[in-house]
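Notes for the structure review
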Amino acid sequence: MCGIVGLHLREPSLEPRLGELLTAMLGQVVERGPDSAGVAVYGDPRLSPSGRAVVSLLGVTPREAATALPDAVVVAADATTVVHAPSPVAELLATIATALPQATVIGSGEGFAVLKGTGNPVRLAKSFDLAGVTGYQGVGHTRMATESAVTPEGAHPFSVGPGQCLVHNGSFANHATVRRELRAQGVEFDSENDSEVGARFVAHHLALGADLEKALRLLCERFDGFYTLLVSTTDSFAVVRDAIACKPALVAETDAWVAMASEYRALDVLPGIENARIFEPEPEEVYIWRR
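Everything quoted here is computed from the prediction, not taken from an experiment.

1. A word on the sheet that holds strand E7 (residues 112–118)
Strand order in the open sheet made by the seven strands is E7-E2-E8-E1-E13-E12-E14, with antiparallel pairing throughout. Every other strand in the sheet has two partners, leaving E7 and strand E14 (277–279) as the edge strands with one partner each. Each neighbouring strand pair of the sheet contributes to a mean axis angle of 10°, computed without reference to strand direction. Where strand E2 (residues 36–42) and strand E8 (residues 137–143) come together, seven bridges link them in antiparallel fashion. Bridge assignment links Ala37 to a residue of E8, and that residue is Thr142. The sheet strands contacting helix H4 (residues 121–128) are E2, E7 and E8, and the helix crosses E2 at an angle near 40°.

2. A look at unusual backbone geometry
The linkage connecting His156 with the following residue, Pro157, adopts the cis geometry, with an omega of 5°. Relative to the elements of secondary structure, Pro157 occurs in the loop between E8 and strand E9 (165–172). The phi dihedral of Asp129 is positive, around 55°, even though this residue is not glycine. In this structure, Asp129 sits in the loop between H4 and E8. Among the residues examined, Asp129 registers a relative accessible area of 41% and is labelled partly exposed. The phi angle at Ala245 is positive, at roughly 55°, despite the residue not being glycine. Tracing the backbone through its elements, the reader meets Ala245 in the loop between strand E11 (236–241) and strand E12 (250–253).

3. Considerations on the pairing of E8
Burial within E8 is extensive, with seven of its seven residues counted as buried. The two faces of E8 match: Gln137, Val139, His141 and Arg143 on one face and Gly138, Gly140 and Thr142 on the other face are all buried. Here six bridges tie strand E1 (residues 3–9) to E8, and the two strands are oriented antiparallel to one another. Paired with Ile4 across the strands is His141, a residue of E8.

4. Quick look at helix H6 (residues 194–207)
An α-helical turn contains 3.6 residues, so any two residues separated by three or four positions project in the same direction. Helix length check: H6 (14 residues) gives 20 Å between terminal C-alpha atoms against 20 Å at 1.5 Å per residue, within 8%. Looking at where H6 begins, the residue whose side-chain oxygen comes 2.6 Å from the main-chain nitrogen of Ser195 is Asn193. Positioned one or two residues after H6, Gly209 has a phi angle of 115°, which is positive.

5. Describing empty space enclosed by the protein
Scanning the entire structure with this criterion turns up three cavities of 30 Å³ or more. Its volume calculated, the largest cavity comes out at about 70 Å³. Thr104, Val105, Ile106, Lys116, Glu153, Phe158, Ser159, Val160, Asp190 and Glu196 are the residues that line the largest cavity. The greatest single-element share of the lining of the largest cavity, amounting to three residues, is contributed by strand E6 (residues 104–110).

6. Brief notes about the pairing of strand E10 (residues 225–232)
Within E10, six of the eight residues are buried, which leaves it mostly tucked inside the rest of the structure. Alignment of E10 against E11, held across five bridges, turns out to be antiparallel. The partner of Ser232 across the bridge, within E11, is Phe237. Where E10 folds back on E11, the antiparallel hairpin that results is connected by three residues.

7. Re the environment of Leu212
When you line up the elements, Leu212 lands in helix H7 (residues 212–222). A residue is classified by how much of its surface remains accessible, and Leu212, at 6% relative accessible area, is buried. In this structure, the C-alpha to C-alpha distance between Leu212 and Glu284, residues 72 residues apart in sequence, is 14 Å. Not counting residues within four places of it along the chain, the set of residues in contact with Leu212 comprises Val202, Leu206, Val231, Thr233, Ser236, Ala238 and Ile288.

8. Quick look at the environment of Glu285
Residue position: Glu285 is located in the loop between E14 and strand E15 (287–290). On a C-alpha basis, the gap between Glu285 and Arg241 in space is 7.1 Å, while along the polypeptide they are 44 residues apart.

9. Details of the sheet that holds E10
Sheets are built from strands paired through backbone hydrogen bonds, the pairs being either parallel or antiparallel. Pairing is antiparallel in the open sheet, where four strands are placed in the order E9-E10-E11-E15. Looking at the sheet topology across the chains shown, the edges are occupied by E9 and E15. With direction set aside, neighbouring strand axes in the sheet form an average angle of 5°. Taken together, the eight bridges between E9 and E10 define a ladder with antiparallel strand orientation. Each residue of the ladder has a partner; that of Val167, found in E10, is Leu230.

Quick notes on the rules
- Residues numbered from 1 in each chain as written.
- Predicted model: local features only at pLDDT ≥ 70, side-chain atom pairs only at ≥ 80, totals over all residues.
- Heavy atoms only, no water.
- Pairing = 2+ DSSP bridges.
- Helix = DSSP H or I, 4+ residues; strand = E, 2+ residues; numbered from the N terminus.
- Axes fitted to C-alpha atoms, helices over the stretch in contact; angles between N-to-C directions.
- Contact = heavy atoms within 4.5 Å.
- Buried < 20%, exposed > 50% of the residue type's maximum accessible area, 1.4 Å probe, protein only.
- Expected span 1.5 Å × (residues − 1).
- Polar contact = N/O pair within 3.5 Å; in protein donor to acceptor, adjacent residues only side chain to side chain.
- 1 Å grid on protein atoms, 1.4 Å probe; cavity = no way out; pocket = protein on both sides within 12 Å on 5 of 7 lines; lining within 4 Å.
- Points joined across faces, edges and corners; volume = space filled by probe spheres on them.

Following this line, the structure appears as C-alpha cells:
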C-alpha cells in the first residue's frame, strides 16, 4: 500500500519548520507502511551544509566512517550514516569506494541528504531527529513491502542520481524486464526493489540529457503497473500517476508551499491548508513545481 508525503516550500520563513511539518505529515501515513520509512531533505545545514559534498550510506557505522574518512563530518541517523566534506562529490564517492567498500550509497550530491531505516516510521522520525531539520524541500515514504525484503536498502526514497529522489506507491509489473534492459546499458542496482528500477530509469534518462518532465513521460510509456510517484531534485518537485490512477494522491497548493500526500489527513497538518487549492492529479499528467 505505502504512504507518500512531500513538501516544497515557497515561503522562506517556513524553512525552519520543514522537519516539523514533514514529521507531522509522515505520522499521518504510518498505517499505509509500517515496515520501514525514509526521507530526503533539501537545504538542512547540519546534514548538508552549503558548498560541501554529501553522501548518505548504509552498511557502515558512524565510527567506521569517521575512522576511514578523517576529513569528513559524520552524522548518525538510525541505520543511515551521512558524511559531508569540502570536496567534489565524485571525489568523496571515490574515497568512500576505496575506504569503505562495504558501504551502500543511498544518496549523493550537494544540499540534500537521504535517511532510511526499518521499523515504525514514527520511531524512525525521532531517530532521524527529523523534527529538527530545516530546509526548503522534503519527501517521505512509509513502506508496506510487496516486491522485496524489509531492509533499509529496500526502503524509499531511492536516490540514484545527484540530488535526485523517487518515492513510489504501487508496483511495476515489468520491472524485471526494464532492469535487464538497464543492466545491459551498464546501470547497476543495489536491491531487488521494483521502485529502484523506476528511479534508475529516470536517473538514466536525466543523465542522457532529458529534462525531468521528459524522463517521467518516458517512464509512463515504458512501465506497466500501478503507481503514484513523487520525484524530487535540488530544484524540482514532480508528481505523476499511471494511466488508471488507482493509487491515491492529493496535491495542495498555496502561495507559501506545495504539498503532496497519499491521504488528505497528511495535508491537514499544514499551515494555511484551509485556503489551499486541493486537487487529485490526472492520469499520466506530469506536474512539476520548480524553485
